[in-house]
Structure formats: C-alpha cells, structure tokens
Amino acid sequence: MATTSDISRGLILKLDNNLYSVVEFGENKTARAAAKVWAKLKGVDNNRTIEKTWNSGETIFPVRVEKHAFQYLYKDETGYNLMNNETFEQIVLAEEMIDAPQFLKDGSEVNVFINTETDQAIGAELPEKIVLLVTYCEPGLKGDTATRATKPATLETGATVNVPLFVNEGELIRINTKTGDYVERVKE
C-alpha cells in the first residue's frame, strides 16, 4: 500500500471506483494541526476534475499503468484505430481518450496507457512535439514584424494553429501537442 508521501504528478489513483490522474499536488503545514496533502485530480475514465485532501500519511490506492508504443492507423465511425508496435494487435479508442487527437496523422506514434489490473486502455498521448506540414496559410507581408504577429495556418491533419508571419504554405513546422502552439520551423 502507498501513502500520501508517494503522490507525484502523473500518478493514477483509484478513488470511489473511478480512476484519476494527479495533475498538481502540494502539502499544507500548519502550526497546530497535522499536515494535509492536497491534489488536483483529472478523471481518466470520466473526464471530471476534482480536488482531494488527505491527512498526511493516509493510505492511497495507486493503479499500475504501463505505457506502450502504438501506431495510429485510421479513424472511422467506431473511433481511432491503433496498432501495437510489438504484438501487432489493434485497438479502437474513443476521441475523448486521446490527448490532442487533432494532430494525429496516419502512421504517427502514440503512447497508450494500459491499466495492468484489467488490461484495458485508459488513455493515449502523442509525443510532446511533432512535425506537421502547413497545407494552407495566408502569405505574410515582408517587414510586418514590429510585434510578435501571428496568422492562422491549416495543417495536414486539418487542425489550425497560429504561426509567425514568415511561415509559408508547404513548410514543415514543429507543434507542441500539450499546448497546441507553434514551436519552430523545420528544415527538410
């Protein structure tokens, strides 16, 4: 069994028969009372966000989760179809189970989190940064960069991100999948 001292970011906990991922945590110490440990939790299987407080040293119930490399194949009416790179078995995930599905392109790597107790997929995330092709954007005006101006650009996956004025159609750019922001231009 684990205690509240074992809480860390990204840990999956079981509370009230639901799974929650620790987004943020901290400890409140007061002069008279015992220390309290608080955590901001995001639901893995129900998409709720809650805050929970424990007395320091209380028992918590972490869930063992394994991360496996999968390859994105295609999307159909059942969901997103992924293939395990080691066993070649295919699974289907719903859109709400994938972080940043708008940046998925055929053949891209996806990390799938699997609950080892039930052998069920509980979520998936893309790598932190990915490279995508700009399929459409307005031409930027030369010399129009007194401020950090941006313009919308459509990517090969259909997603739209704001990019600097110097980015043109047909160029490769690196995107941060956590924030959806432009990072840099990529040389081919």
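No experiment lies behind these values; they were computed from the predicted model shown.

A word on the pairing of strand 9 (residues 90–93)
Residues of strand 9 alternate between two faces, with Ile91 and Leu93 buried on one and Gln90 and Val92 left unburied on the opposite face. Across four bridges, the pairing between strand 8 (residues 79–84) and strand 9 is antiparallel. Bridging across to strand 9, Met83 finds its partner in Gln90. Connecting strand 8 to the next strand, strand 9, in antiparallel fashion are five residues, including Phe88 with a positive phi near 65°.

As for the side chain of Ser108
Within the secondary structure, Ser108 sits in the loop between strand 9 and strand 10 (109–115). Among the residues examined, Ser108 registers a relative accessible area of 17% and is labelled buried. Engagement of the side chain of Ser108 in a polar contact is seen with the backbone oxygen of Lys105, the distance being 2.8 Å.

Notes on the environment of Gln120
Here Gln120 is to be found in strand 11 (residues 120–125). Sequence separation between Gln120 and Phe61 is 59 residues, and the spatial gap between their C-alpha atoms is 18 Å. Each residue touching Gln120, except ones within four places of it in the same chain, is listed here: Phe113, Ile114 and Asn115.

What to know about the nonpolar core
Counting residues in each nonpolar core, the largest one holds 28 residues, and the members touching the most others are Leu82, Phe103, Val112, Leu155 and Ile173. Among the secondary structure elements, those contributing two or more residues to this core are strand 7 (65–76), strand 8, strand 9, strand 10, strand 12 (129–137), strand 13 (150–155), strand 14 (160–164) and strand 15 (172–176). When residues in this core are grouped by element, the largest group, four residues, is from strand 12. Of the residues that make up this core, three or more belong to each of domain 2 (65–125) and domain 3 (129–185). If sequence neighbours within four positions are ignored, Val112 has contacts with Glu66, Lys67, His68, Phe70, Leu82, Ile91, Leu93, Ala121, Gly123 and Ala124. In terms of nonpolar packing, the next biggest core, distinct from the first, is built from eleven residues, Ile7, Tyr20, Val22 and Ala39 among them.

Overview of the domain arrangement of the protein chain
Domain boundaries assigned for the protein chain yield domain 1 (11–55), domain 2 (65–125) and domain 3 (129–185). Centre-to-centre, using C-alpha coordinates, domain 2 lies 27 Å away from domain 3. Contacts between the two partners involve six residues from domain 2, matched on the other side by twelve residues from domain 3. Buried area between domain 2 and domain 3, both sides added, is near 600 Å², and the carbon and sulfur share of it is 67%. Broken down residue by residue, the surface that domain 2 buries against domain 3 is led by Gln102, Phe103 and Lys105, which jointly contribute 80%. Across the pair Glu125 and Lys178 runs a salt bridge, and its minimum N-O distance is 3.4 Å.

Examining the UniProt feature "domain: Translation elongation factor P/YeiP central" (unreviewed entry) in the protein chain
As annotated by UniProt and renumbered to match this structure, "domain: Translation elongation factor P/YeiP central" (unreviewed entry) occupies residues 67–122. Taken end to end, residues 67–122 is 0% helix and 54% strand, and its first and last C-alpha atoms sit 10 Å apart.

Things to note about the sheet that holds strand 15
Taken in spatial order, the five strands make up an open sheet running 14-13-12-15-16, and their pairing is antiparallel. If you trace the sheet from one side to the other, it starts and ends with strand 14 and strand 16 (181–186), each paired once. Looking at each pair of strands side by side, their axes are set apart by 55° on average, direction ignored.

Quick word on the pattern of salt bridges
By the definition in use, this model includes seven salt bridges. We note a salt bridge from Arg64 to Glu66, for which the minimum N-O separation is 3.0 Å. Accessibility expressed as a relative area gives 55% for Arg64, which makes it exposed. Through salt bridges that share partners, Lys67, Glu125 and Lys178 make up one connected network.

Some points on the packing of aromatic side chains
Going through the model one piece at a time under the given rule, you end up with one aromatic pair. Pairing Tyr72 with Tyr80 gives two aromatic rings, centres 5.9 Å apart and planes at 45°, and the pair type is tilted. Note on accessibility: Tyr72 and Tyr80 belong to one class, buried.

Rules and cut-offs
Residues numbered from 1 in each chain as written. Predicted model: local features only at pLDDT ≥ 70, side-chain atom pairs only at ≥ 80, totals over all residues. Heavy atoms only, no water. Buried < 20%, exposed > 50% of the residue type's maximum accessible area, 1.4 Å probe, protein only. Helix = DSSP H or I, 4+ residues; strand = E, 2+ residues; numbered from the N terminus. Pairing = 2+ DSSP bridges. Polar contact = N/O pair within 3.5 Å; in protein donor to acceptor, adjacent residues only side chain to side chain. Contact = heavy atoms within 4.5 Å. Core = buried A, V, L, I, M, F, W, Y, C linked by side-chain atoms within 4.5 Å. Domains from an automatic or database assignment. Buried area = accessible area lost by both parts, 1.4 Å probe. Salt bridge = Lys/Arg side-chain N within 4 Å of Asp/Glu carboxyl O. UniProt positions renumbered as here; feature names shortened; annotations may be inferred. Axes fitted to C-alpha atoms, helices over the stretch in contact; angles between N-to-C directions. Phe/Tyr/Trp six-rings, centres within 6.5 Å; stacked < 30°, edge-to-face > 60°.

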